[in-house]
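Structure assessment
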Amino acid sequence: NAGVTQTPKFQVLKTGQSMTLQCAQDMNHEYMSWYRQDPGMGLRLIHYSVGAGITDQGEVPNGYNVSRSTTEDFPLRLLSAAPSQTSVYFCASSLYTTDTQYFGPGTRLTVL
Amino acid sequence: AQSVTQLGSHVSVSEGALVLLRCNYSSSVPPYLFWYVQYPNQGLQLLLKYTSAATLVKGINGFEAEFKKSETSFHLTKPSAHMSDAAEYFCAVSETGGTSYGKLTFGQGTILTVHP
């Protein structure tokens, strides 16, 4: 099992550009989520999904979109990047909603 | 609503000394509680979790934590620190019901430094 994979590992964007952060898991997990990590603030939930076709907002959803067309994939889209979105982004998955979440290695995003 | 407070953003100990990282939570329903560790430039790895069974939970690498409902605490301890324990540690709470069901809320993190 590869576990949770994320691409790219690093990305630099200019303000206003759009991009998609990819996340995939091969553990047949129903629950997937996206977090952003900022110094001194821990991890904050952006969006989550309890299964294919079902997504919902977390604590900080503004400026981000998600979709879940398959169990395996959960991409995060930045619609129009802003410097405030400079952060490290983590994708996580778990077998069910309250189970242990397994984290990917992260994507470090810088918006200039 | 649920929240987590980790007391002390930085903790420094000597190798061989006791490690104590503090975590207090608030939750409107019985929670699940987790400790995760993050090594530099890596993702988060589960250390241990409490899911309403035994209140003293043992995890990997010699860490343990005790759930104290009366104090709403879930402090992480290790009797003897190793250099390899240097990392950032996160406490997290997940509610077992209500509008925050299943959502993980993290504390701010505590950076542990271990001196030789």
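Predicted model, so just to flag it, every value in this text is computed and none were measured. As a convention, each chain's residues are numbered from 1 in the sequence order in which they are written. Each chain is given a letter, starting from A, and each ligand a number, starting from 1, according to the order in which they appear as written. It should be noted that, the model being predicted, local features are given only for residues of pLDDT at least 70 and side-chain atom pairs only at 80 or more, the latter also being counted only at that level, while totals for whole chains, interfaces and linings use all residues. Hydrogens and water molecules were not included; the side-chain quantities draw on all heavy atoms of the structure.

1. Brief notes about the interface of chain A and chain B
Interface size is commonly expressed as the accessible area that is lost once the parts come together. Contacts between chain A and chain B engage 20 residues on the former and 21 residues on the latter. Any carboxyl oxygen of Asp or Glu within 4 Å of a side-chain nitrogen of Lys or Arg constitutes a salt bridge here. Linking chain A with chain B are one salt bridge, by the criterion used here. Among the ionic pairs, A:Asp99 bridges to B:Lys49, the shortest N-O distance being 3.4 Å. Polar contacts, as used here, are pairs of N or O atoms within 3.5 Å; protein pairs need one atom able to donate a hydrogen and one able to accept it. Residues neighboring in sequence count only if both atoms are side-chain atoms. The interface formed by chain A and chain B holds four residue pairs in polar contact (both at pLDDT 80 or more) in total. Where the side of chain A that touches chain B is concerned, the elements lending two or more residues are β4 (31-37) and β5 (43-51) of chain A. Basically, the charged four are Asp, Glu, Lys and Arg, the nonpolar ten are Ala, Val, Leu, Ile, Met, Phe, Trp, Tyr, Cys and Pro, and anything else, Gly included, counts as polar. Classifying every residue of the side of chain A that touches chain B gives nine nonpolar, nine polar and two charged. Note on contacts: a residue pair is in contact if any heavy atoms of the two residues lie within 4.5 Å. Secondary structure elements are taken from DSSP: a helix is a run of H or I of four residues or more, a strand is a run of E of two residues or more, and numbering for both begins at the N terminus.

2. What to know about the sheet that holds strand β7 (residues 64-66) of chain A
Residues and elements named next belong to chain A. Within the open sheet, the four strands sit side by side as β1-β3-β8-β7. Their pairing is antiparallel. Whereas interior strands pair on both sides, the edge strands pair on one side only; in this sheet they are β1 (4-7) and β7. Direction aside, the axes of adjacent strands within the sheet are offset by 20 degrees on average. Here, a strand pair is defined by DSSP locating no fewer than two bridges between the strands. Note that strand β3 (residues 19-25) and strand β8 (residues 76-78) share three bridges and pair antiparallel. By the bridge assignment for β8, Thr20 is matched with Arg77. Helix axes use the C-alpha atoms of the stretch in contact, all axes being lines fitted to C-alpha atoms, and the angles between their N-to-C directions lie in the range 0 to 180 degrees.

3. Some thoughts on the nonpolar core
What we call a nonpolar core is a set of buried Ala, Val, Leu, Ile, Met, Phe, Trp, Tyr and Cys residues that are connected through their side-chain atoms within 4.5 Å. Note on exposure labels: buried denotes an accessible area under 20% of the residue type's maximum, exposed denotes more than 50%, and partly exposed covers the range between, all computed with a 1.4 Å probe on protein chains only. Ranked by size, the top nonpolar core spans 27 residues in total, and within it B:Trp35, B:Leu47, B:Leu48, B:Phe74, B:Leu76 and B:Tyr89 carry the most contacts. When contributions to this core are tallied by element, the ones reaching two or more residues are β2 (10-14), β3 (19-26), β4 (31-38), β5 (44-50), β7 (64-68), β8 (73-78), β9 (87-95) and β11 (110-115) of chain B. Core analysis: the second largest hydrophobic core is formed by 19 residues, A:Val4, A:Ile46, A:Val60 and A:Val66 among them.

4. Looking at the state of the cysteines
A pair of sulfur atoms, both from cysteines and within 2.5 Å, is called a disulfide here. In this structure the tally under the stated criterion is two disulfides over all chains. Here A:Cys23 engages in a disulfide with A:Cys91; their sulfurs sit 1.8 Å apart. Residues A:Cys23 and A:Cys91 are joined by a disulfide whose S-S torsion is about -70 degrees; by sign, that bridge is left-handed. In this pair, A:Cys23 sits in strand β3 while A:Cys91 sits in strand β9 (residues 87-94), placing the two residues 68 residues apart along the sequence. As far as the burial class goes, A:Cys23 and A:Cys91 line up, both buried. Across the disulfide, B:Cys23 is cross-linked to B:Cys91 (sulfur-sulfur distance 2.0 Å). Residues B:Cys23 and B:Cys91 are joined by a disulfide whose S-S torsion is about -65 degrees; by sign, that bridge is left-handed. In this pair, B:Cys23 is assigned in strand β3 and B:Cys91 in strand β9, connecting sequence segments 68 residues apart. Neither residue differs from the other here; B:Cys23 and B:Cys91 are each classed as buried.

5. Focus: unusual backbone geometry
The omega torsion of the bond from A:Thr7 to A:Pro8 falls at -5 degrees, within 30 degrees of zero and hence cis. Of note in the backbone geometry, B:Asn61 takes a positive phi value of approximately 60 degrees without being a glycine. Its location among the elements puts B:Asn61 in the loop between β6 (56-58) and β7. Owing to a relative accessible area of 43%, B:Asn61 belongs among the partly exposed residues under this scheme. We note that B:Thr72 has phi near 40 degrees; this positive angle belongs to a residue other than glycine. Residue class for B:Thr72 comes out partly exposed when judged on its relative accessible area of 31%.

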